[in-house]
Amino acid sequence: MSTPDNPQNQGPAEEAQTFAEEAPGSGVPAVAFDDRAKKSWLSRLPIISHLRQSVGLQRGMLITGLVLCGIVLICAIFAPLIAPYGFNQLGTSEGNFGSKLPPGGTHIWGTTVGGYDVFSRVVWGAQTAVAVIVVAVVMSIFAGVILGLVSGYIGGWLDRILVVIADAVYAFPTLLLALVMSIAISGGQSSAWGGIAAAAFSITVVFIPQYFRVVRAETLRLKAEPFVESAIVLGASKTRIISKHIFRNATRTLPLIFTLNSSEAILTLAGLGFLGFGIEPTSASEWGYDLNKALPDVTSGVWWTAVFPGVAIVLTVLGITLVGESMNDLNDPRLRVRRKAKVKNVKPAEVTA
């Protein structure tokens, strides 16, 4: 005697309805697979995928880093709304700001020796930091990826020349090259775009070998894979193979390198400003320059002019580093903490003979 619960004893109409409602061979409704397909592109994004995989201390590090980075981005985007004064504002209609005023009142973080509001300078400084990260790291990724793909796939004398140049450039200290570039680009004058361009171009030149090495190594591995050989047999051009088949697979680790290099970009910019090659306060706000001007204040007991810009640098670098290290641990199966398997209790009534 047939029962309606047994799919093997159903008629053609009932069987067609069953396969329409369920995925083949899984027993999961097809609607669930549609929802998974719609959400798959979002779950594969670098930060979101790592957040879903993280657990325990790794998740705490990742969330802490994301919160710190989020605060910096909010300050950079909404600086005109958050900062009570401009980065080069010395007073209001009621009069000029006082020099070295302690925190409190209308100046919650005090004022500098030049009469600038410390809180406003720190908030506006986030814009300069983000601008350097975007310009420097994006340019280095663009150049490093292209050179790595071409060098790894074509090979030959071009590959040997690019490898030698990359090794030679990689030997230059970042800060020393930044000083030379600052003088060459802006002539030692600390204008807003001159200081940003000097730091950005120097960081770009130093970071290109890192992306070049990673992408080249992946390209050398991928061009021996069967799917690339199949594309060659089908008559695909080198440009199509590089752009369509190798590029996506060879650049999976770039988000991790991006986070690690962003913190070095912040320190390079701060080092330029601290050594006197930063940005003048009348052009833009920069944390390293503020630290340089705050050195004489420390001996006289004026601590707020140096503490707050220094804390901003430390928290920004810490946030980016936590995100990068968490992503590194989650990408390595040997370091990733596994989730504990959840054992579902099966009721006796649900067990069938």
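Residues numbered from 1 in each chain as written. Predicted model: local features only at pLDDT ≥ 70, side-chain atom pairs only at ≥ 80, totals over all residues. Heavy atoms only, no water.

### Describing the overall build of the protein
Here is step 1: Looking only at helices and strands, the protein has 14 helices and two strands in total.
Here is step 2: The buried share of the protein, taken over its 353 residues, is 39%.
Here is step 3: Counting contacts in the protein only where the partners sit at least 6 residues apart, residues at least 24 apart contribute 70% of the total.
Here is step 4: Within the structure as shown, the protein displays about 20100 Å² of accessible surface, and the carbon and sulfur contribution to it stands at 66%. (Helix = DSSP H or I, 4+ residues; strand = E, 2+ residues; numbered from the N terminus. Buried < 20%, exposed > 50% of the residue type's maximum accessible area, 1.4 Å probe, protein only. Contact = heavy atoms within 4.5 Å. Areas by Shrake-Rupley, 256 points an atom, 1.4 Å probe, with all protein chains shown as cover.)

### Some details on the nonpolar core
Here is step 1: With 64 residues, the main nonpolar core has Leu 149, Ile 246 and Trp 287 as its most contacted residues.
Here is step 2: Here this core gets 15 residues from one element, more than from any other, and that element is helix H6 (residues 118-154). (Core = buried A, V, L, I, M, F, W, Y, C linked by side-chain atoms within 4.5 Å.)

### A few points about the pattern of salt bridges
Here is step 1: Overall, the coordinates contain five salt bridges when judged by the stated rule.
Here is step 2: Asp 297 is paired through a salt bridge with Lys 100; the nearest N and O atoms lie 3.6 Å apart. In this pair, Asp 297 sits in helix H13 (residues 287-299) while Lys 100 sits in the loop between strand E2 (95-96) and H6, placing the two residues 197 residues apart along the sequence.
Here is step 3: Classification of Lys 100 by relative accessible area gives partly exposed; the value is 30%. (Salt bridge = Lys/Arg side-chain N within 4 Å of Asp/Glu carboxyl O.)

### Focus: the environment of Leu 162
Here is step 1: Position of Leu 162 relative to the elements: it lies in helix H7 (residues 156-170).
Here is step 2: Measuring from C-alpha to C-alpha, the distance between Leu 162 and Gly 152 comes to 10.0 Å, with 10 residues separating the pair along the chain.
Here is step 3: If we ignore the near neighbours within four places in the chain, the residues touching Leu 162 are Leu 147, Ser 151 and Phe 212.

### A word on helix H12 (residues 254-274)
Here is step 1: End to end, H12 covers 30 Å across 21 residues, agreeing with the expected 30 Å (1.5 Å per residue, within 8%).
Here is step 2: Within H12, 15 of the 21 residues are buried, which leaves the element mostly enclosed by the surrounding structure. (Expected span 1.5 Å × (residues − 1).)

### What to know about the UniProt feature "transmembrane region" (unreviewed entry) in the protein
Here is step 1: Under the present numbering, the feature "transmembrane region" (unreviewed entry) in UniProt falls on residues 61-83, 129-154, 161-185, 191-212, 254-279 and 302-324.
Here is step 2: Secondary structure content for residues 129-154 is 100% helix and 0% strand, and the end C-alpha separation is 37 Å. (UniProt positions renumbered as here; feature names shortened; annotations may be inferred.)

### With respect to the packing of aromatic side chains
Here is step 1: Under the defined criterion, the tally for this structure stands at six aromatic pairs.
Here is step 2: Aromatic side chains Trp 303 and Phe 308 sit 5.9 Å apart centroid to centroid with 45° between the ring planes, which places their arrangement in the tilted category.
Here is step 3: One aromatic cluster in this structure is built from Trp 109, Phe 119, Trp 303, Trp 304 and Phe 308.
Here is step 4: Note that Arg 121 overlies the ring of Tyr 116, its terminal NZ or CZ placed 5.5 Å from the centroid. (Phe/Tyr/Trp six-rings, centres within 6.5 Å; stacked < 30°, edge-to-face > 60°. Lys NZ or Arg CZ within 6 Å of the ring centre and 35° of its normal.)

### Some thoughts on empty space enclosed by the protein
Here is step 1: Applying the stated rule across the entire model yields one cavity of 30 Å³ or more.
Here is step 2: Computed from the structure, the largest cavity encloses a volume of approximately 50 Å³.
Here is step 3: Every residue along the wall of the largest cavity is listed here: Gly 125, Ala 129, Ile 266, Leu 269, Ala 270, Glu 286, Trp 287, Gly 288 and Ile 313.
Here is step 4: Looking at the lining of the largest cavity, the elements that each hand over two or more residues are H6, H12 and H13.
Here is step 5: When residues of the lining of the largest cavity are assigned to their parent elements, the largest contribution, three residues, is made by H12.
Here is step 6: Looking at the lining of the largest cavity residue by residue, the class counts come to six nonpolar, two polar and one charged. (1 Å grid on protein atoms, 1.4 Å probe; cavity = no way out; pocket = protein on both sides within 12 Å on 5 of 7 lines; lining within 4 Å. Points joined across faces, edges and corners; volume = space filled by probe spheres on them. Nonpolar A, V, L, I, M, F, W, Y, C, P; charged D, E, K, R; others polar.)

### With respect to the confidence of the model for the protein
Here is step 1: Of all residues in the protein, 74% have pLDDT values of 70 or greater, and the mean over the chain is 75.
Here is step 2: Mean pLDDT per element in the protein: helix H1 (residues 12-21) is the minimum at 43, and helix H5 (residues 79-82) is the maximum at 90.
Here is step 3: Within the model, the stretch residues 30-34 combines pLDDT values under 50 with seven contacts to residues more than four positions away or in other chains. (pLDDT = per-residue confidence, 0-100.)

### Some words on a nonpolar patch on the surface
Here is step 1: Together, Leu 73, Ile 74, Ile 77, Phe 78, Leu 81 and Ile 82 line one region of the surface with nonpolar side chains, adding up to about 590 Å² of accessible area.
Here is step 2: For the nonpolar patch, the secondary-structure elements that each account for two or more residues are helix H4 (57-77) and H5.
Here is step 3: Take the nonpolar patch: its biggest share by element is three residues, from H4.
Here is step 4: Mapping Phe 78 onto the fold places it in the loop between H4 and H5. (Patch = residues over 30% accessible without salt bridge, like charges linked within 9 Å, V, L, I, M, F, W, Y side chains within 5 Å.)

### Quick notes on the packing of H4 against H6
Here is step 1: Contact geometry for H4 and H6: axes closest at 7 Å, N-to-C directions at 100°. By the angle class used here, H4 and H6 are roughly perpendicular. Here Val 72, Leu 73, Cys 75 and Ala 76 of H4 come into contact with H6, specifically with Val 123, Ala 126, Gln 127 and Val 130.
Here is step 2: Considering only residue class, the contact of H4 with H6 consists of seven nonpolar, one polar and no charged. (Axes fitted to C-alpha atoms, helices over the stretch in contact; angles between N-to-C directions. Parallel < 35°, antiparallel > 145°, perpendicular 65-115°, else oblique.)

### A short note on the side chain of Asp 297
Here is step 1: On the accessibility criterion, Asp 297 (3% relative accessible area) is buried.
Here is step 2: Among all residues touching Asp 297, those that are not within four sequence positions of it are Lys 100, Val 113, Val 302 and Thr 305.

### Some details on H4
It helps to recall that an α-helix has 3.6 residues per turn; residues three or four apart then point in one direction.
Here is step 1: Taking 1.5 Å of rise per residue, 21 residues should cover 30 Å, and H4 covers 30 Å from first to last C-alpha, within 8% of that figure.
Here is step 2: Restricting attention to buried positions, one finds in H4 the residues Gln 58, Leu 62, Gly 65, Leu 68, Cys 69, Val 72, Cys 75 and Ala 76. Buried residues of H4, seen end-on, are gathered within an arc of 160° and therefore sit on one face of the element. (Arc of directions from axis to C-beta.)

### Some thoughts on the side chain of Thr 219
Here is step 1: Relative to the assigned elements, Thr 219 resides in helix H9 (residues 192-222).
Here is step 2: The class of Thr 219 is buried, set by a relative accessible area of 1%.
Here is step 3: At a separation of 2.7 Å, a polar atom in the side chain of Thr 219 contacts the main-chain carbonyl oxygen of Val 215.
Here is step 4: Non-local contacts of Thr 219, meaning those with residues more than four positions away in its chain, are made with Gly 148, Leu 149, Gly 152, Tyr 153, Ile 246 and Ala 250. (Polar contact = N/O pair within 3.5 Å; in protein donor to acceptor, adjacent residues only side chain to side chain.)

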